[in-house]
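Commentary on secondary and tertiary structure
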Amino acid sequence: MRIGIFDSGLGGLSVLHCARKMAPEHNYIFYADREHVPYGEKTIEEVREYVDHIIRFMIGKGVDIIIIACNTATSSLSMEYRKKFPIPIVGMEPAVKKALDEYGNQKERVLVAATPITIHGHKLEHLIQDLDHYHKVDLVATPGLVRFAEKGIFFGKEVYEYLSTALSKYDLEKVGTVVLGCTHFNYFKESFVKVFPHRPHFVDGNEGTVRQAMRLLGYNNIDTNYYNQKHGLITYLFSGKAASIEDMQKIERCMTQLDKMMKI
Ligand code: DGL
């Protein structure tokens, strides 16, 4: 199968990273919209326009399914919009359900970190209304992490100071779980750990999203046999253009950081 995965930028590599481990035999086209990143600080109308362009572009490339590896883009689209395309389009939303299912019976609070569009969007508001029966969930917008990730800065003083300030109004002693509600945030687990007084649980939607895509393609039983031998091809595109050697080096560094973050 040929699977399209796109994001505003390098955050979507965390979904590709997961997909390649769960279903390496497929061919992937990864598209980062470098010309328009960050989406989270744009208007919803602008984001919709970018996404519409990318979806049509990817369909033109003959993909069998598209994964929107971007919570922000998903948050700006309606379900009706996705239905008008001839192939399945799988979106992503902050993994609040997974966080509450796995850790909701503990006393601690759940902190959802995402971009401003996602945090202030109706989709997340409705999700919380439906799921957060005991009012355990707090929300925080941390768009600065997207900028750091795009520059390839995953840790260090700047990141630490930014995160400490962004999280300063929360009593982190009481937060047990962090939902990484933006795919760019998967690079920063160790920085979160540094800012927290204890090690929180991290929850993201990557595996659930890949599973959903595989189900729609008719693969119902993916055993998470992470090191399956057969490997398909990956094509990397930046706003439609082929990745340069520098881009490939950047991608390598991102993948190495994601490998490291899997252990946290
Ligand atoms: N990675 C994207 C997300 O999951 C958005 C980052 C951005 O462009 O602001 O929300």
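We now turn to the structure provided with this report. (Residues numbered from 1 in each chain as written. Predicted model: local features only at pLDDT ≥ 70, side-chain atom pairs only at ≥ 80, totals over all residues. Heavy atoms only, no water.)

1. Some words on the packing of aromatic side chains
Counted only if it meets this: Within 6.5 Å between ring centres, the rings of Phe, Tyr and Trp (the latter by its six-membered ring) count as paired, and their orientation is classed by plane angle as stacked under 30 degrees, edge-to-face over 60, tilted in between. The helix count covers DSSP runs of H or I at least four residues long, the strand count covers runs of E at least two residues long, and both are numbered beginning at the N terminus.
Taken as a whole, this structure holds eight aromatic pairs when the rule is applied. Their ring planes at 65° and their centres at 6.1 Å tell us that Phe30 and Tyr236 sit as a pair that is edge-to-face. A residue pair is termed long-range when its members are at least 10 positions apart, and Phe30 in strand E2 (residues 27-32) and Tyr236 in strand E9 (residues 234-238) qualify at 206 residues. Pairing Phe192 with Phe202 gives two aromatic rings, centres 6.1 Å apart and planes at 70°, and the pair type is edge-to-face. One end of the pair, Phe192, is in helix H10 (residues 189-195); the other, Phe202, is in strand E8 (residues 201-203), and 10 residues separate them in sequence. Among the aromatic side chains, those forming a connected cluster through ring pairs are Phe154, Tyr187 and Phe188.

2. Notes on the nonpolar core
Put simply, the rule reads: Only buried residues count toward a nonpolar core. Its members are Ala, Val, Leu, Ile, Met, Phe, Trp, Tyr and Cys residues joined through side-chain atoms within 4.5 Å. Each residue gets one of three labels from its accessible area relative to the maximum for its type: buried under 20%, exposed over 50%, partly exposed in between, using a 1.4 Å probe on protein chains only. Contact between two residues is taken to exist if any of their heavy atoms lie within 4.5 Å; hydrogens are not considered.
Judged by nonpolar contacts, the single largest core of 55 residues is most densely connected at Ile5, Leu13, Leu167, Tyr187, Phe188 and Phe192. With six residues, the single largest contributor to this core is helix H1 (residues 13-22). Not counting residues within four places of it along the chain, the set of residues in contact with Leu13 comprises Phe30, Tyr187, Tyr236, Ile251, Cys254, Met255 and Leu258. Counting 22 residues, the second largest nonpolar core, distinct from the first, contains Tyr39, Tyr50, Leu77 and Phe85.

3. Regarding the packing of helix H5 (residues 96-103) against helix H7 (residues 122-131)
Heads up, the condition is: Axes here refer to lines fitted to C-alpha atoms; in helices the fit is confined to the stretch in contact. Angles between the N-to-C directions go from 0 to 180 degrees. Relative orientations are named as follows: roughly parallel for angles under 35 degrees, roughly antiparallel for angles over 145 degrees, roughly perpendicular for angles from 65 to 115 degrees, and oblique for any other angle. Definitions for this section: a left-handed crossing has its near helix turned counterclockwise from the far helix by less than a right angle. A right-handed crossing has that turn clockwise.
Two numbers describe how H5 lies on H7: the axes approach to 10 Å, and their chain directions differ by 25°. With respect to each other, H5 and H7 are oriented roughly parallel. When the axes of H5 and H7 are compared, the crossing they make is right-handed. Where H5 abuts H7, its residues Val96, Lys97 and Leu100 lie against Leu124, Leu127 and Leu131.

4. Section: the environment of Phe30
In this structure Phe30 comes out as buried when scored by relative accessible area, which is 0%. The contact partners of Phe30, leaving out residues within four places of it in the chain, are Ile5, Gly9, Gly12, Leu13, Leu16, Thr235, Tyr236 and Leu237.

5. Remarks on H1
In terms of residue burial, H1 counts as a mostly covered element, since 10 of its 10 residues are buried. Within H1 the residues assigned to the buried category are Leu13, Ser14, Val15, Leu16, His17, Cys18, Ala19, Arg20, Lys21 and Met22.

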